[in-house]
Amino acid sequence: MSSATSAKDHPQVTDSMLISRIRGGDQDALAALHDRYAQVVYSVALRVLGDTAQAEDILQEIFLQLWRKPETFDSNRGSLGAWLAVIARHRAIDQLRRRRPELDIDDVIIWVDSDLEQTADRNRAIAKIRSAVEQLPPEQRRPLELAFFQGLTHSEIAAKTGEPLGTIKTRIRAALAALRKGLAA
Amino acid sequence: MRDHQQFADDLALYALRELPASDAAEFREHLKECAGCRRELEEINSQMAMLALSSVASAPPQRSRERLLQAVRTEPQRVRRVVMHRPWWSFVPTFAAVLLAIFGLMLWRENTSLRNRLEATQQRFEQQQGDLDRARLVLDALTSPESSHFALVSVKDQPVPEGKASYMRKTGTVVFTAQHLPPLPPEKTYQLWLVPASGTKPMPCGTFKPDTNGNAAMVTPYAEKDAWPKMFAVTIEADGGSQTPTMPLVMSGS
């Protein structure tokens, strides 16, 4: 039985354990993490880029980076699943803007209340988050999604929506806060 | 320079990576010092993670897993080598190589030290050999039956300088000692002359200056050979000596 199968069948194998094994050069551990989070990374990249081939490239690039520099992620810095989701977004935006990836992604610290390591819990958490996003007022949700998934700057959003720049800033902050509040409820 | 409130207002822009590189760098510096902004940024990142997770829907193509593993297999084995626990005996060749290098270095240093000591000994030997040759010349000039000896006295009564010159014809060596010599004027020197019996012009045999007690000693190893001196004389000359004696004579002896 391979280690990957073992990790998949035994969800008590935590992300930290798998990262530790990757540090030891265990390819099966990387495969197990891929099984766990490939869908997260791929979906976020696809949402931003709208192109399956490019999204697959981002997926490959991020997991290869995890293989080459597993120390980039430290379990003390939060949840691996959430971290990968945000890193996928940043890399996809970089790709969209045709700019070089920034090197400071490791300063991203993300704590989430939900358990994302186990498939069932992860699916439940994602459904809950999606519901919270859908409940955001449209005037808050739209600028947030334009900024986050389309990589538009606040100024570009202001020009696109005809709203003042300050209003866009306020609405995006309010949307993020409302999202947090909605999930905490 | 922006103040804290300006940084705080733009935290979302920073988290969304909308800031230009220069502003982002300034932001990072501020974050190092501002715990409040760090906490707020973590909060915003968490909210953004949720937003990202809300888009999870599509599974990647099945081939992506194999593609990743294929790429990993072609990666350099750096990670594995760095973190793998190696058995103790795998370090033996490295340890042996280090020991060999240390031993080689010690040998090299010992060799260098011996070579330096040998060179120093050779230099001392050559110097002592030179001293010995010089002493032998002096001794020969003073004791050889072939040497002729001359006692020089002052041509005036006071002061009374005295000198002794020994000449060895075979080698041309002249040994000269003197006492009670008056101090020299500035930029002047005493000069010893060999006055040939043939009546030809005097031959210079070296210059010398007395010590504060008026004593002087001089050895001229290779003066004129095979000369028949009528007398030796001493004059005062300009520093560096002269080719012809300047009168008056300080002392002379035949």
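Residues numbered from 1 in each chain as written. Chains lettered and ligands numbered in written order. Predicted model: local features only at pLDDT ≥ 70, side-chain atom pairs only at ≥ 80, totals over all residues. Heavy atoms only, no water.

A few points about unusual backbone geometry
Residues and elements named next belong to chain B.
- P248 follows M247 through a cis peptide bond whose omega is 5 degrees.
- The phi angle at H180 is positive, at roughly 60 degrees, despite the residue not being glycine.
- Relative to the helices and strands, H180 resides in the loop between β3 (173-179) and β4 (188-196).
- For H180, a relative accessible area of 47% corresponds to the partly exposed category. (Helix = DSSP H or I, 4+ residues; strand = E, 2+ residues; numbered from the N terminus. Buried < 20%, exposed > 50% of the residue type's maximum accessible area, 1.4 Å probe, protein only.)

Considerations on the interface of chain A and chain B
- Counting residues at the interface gives 63 residues for chain A and 48 residues for chain B.
- Of the roughly 5,200 Å² buried at the junction of chain A and chain B (both faces included), carbon and sulfur atoms supply 59%.
- R17 of chain B serves as the salt-bridge partner of D94 of chain A, at 2.9 Å between the closest nitrogen and oxygen.
- There are 17 residue pairs in polar contact (both at pLDDT 80 or more) connecting chain A and chain B.
- At the level of secondary structure, the elements contributing two or more residues to the side of chain A that touches chain B comprise α2 (15-23), α3 (27-49), α4 (52-68), α5 (80-96), α6 (119-134), α7 (138-150) and α9 (165-184) of chain A.
- For the side of chain A that touches chain B, the element with the most residues is α3 of chain A, which contributes 13 residues.
- Considered class by class, the residues forming the side of chain A that touches chain B number 36 nonpolar, 10 polar and 17 charged. (Contact = heavy atoms within 4.5 Å. Buried area = accessible area lost by both parts, 1.4 Å probe. Salt bridge = Lys/Arg side-chain N within 4 Å of Asp/Glu carboxyl O. Polar contact = N/O pair within 3.5 Å; in protein donor to acceptor, adjacent residues only side chain to side chain. Nonpolar A, V, L, I, M, F, W, Y, C, P; charged D, E, K, R; others polar.)

Concerning the packing of α3 of chain A against α5 of chain A
Residue and element names in this part refer to chain A.
- Where α3 contacts α5, the axes come no closer than 8 Å and their chain directions differ by 35 degrees. Remark: the crossing between α3 and α5 carries right-handed chirality. Between α3, through L33, Y37, V40, V41, V44, A45, V48 and L49, and α5, the contact on the second element is made entirely by L80, G81, L84, A85, A88, R89, A92, I93, Q95 and L96.
- For the contact of α3 with α5, the residue count by class is 15 nonpolar, two polar and one charged. (Axes fitted to C-alpha atoms, helices over the stretch in contact; angles between N-to-C directions. Left-handed = near helix turned anticlockwise from the far one by under 90°.)

Things to note about the environment of T212 of chain B
Residue and element names in this part refer to chain B.
- By secondary structure assignment, the location of T212 is in the loop between β5 (203-208) and β6 (216-220).
- For T212, a relative accessible area of 84% corresponds to the exposed category.
- Distance in space between the C-alpha atoms of T212 and P183 is 7.6 Å, their sequence separation being 29 residues.

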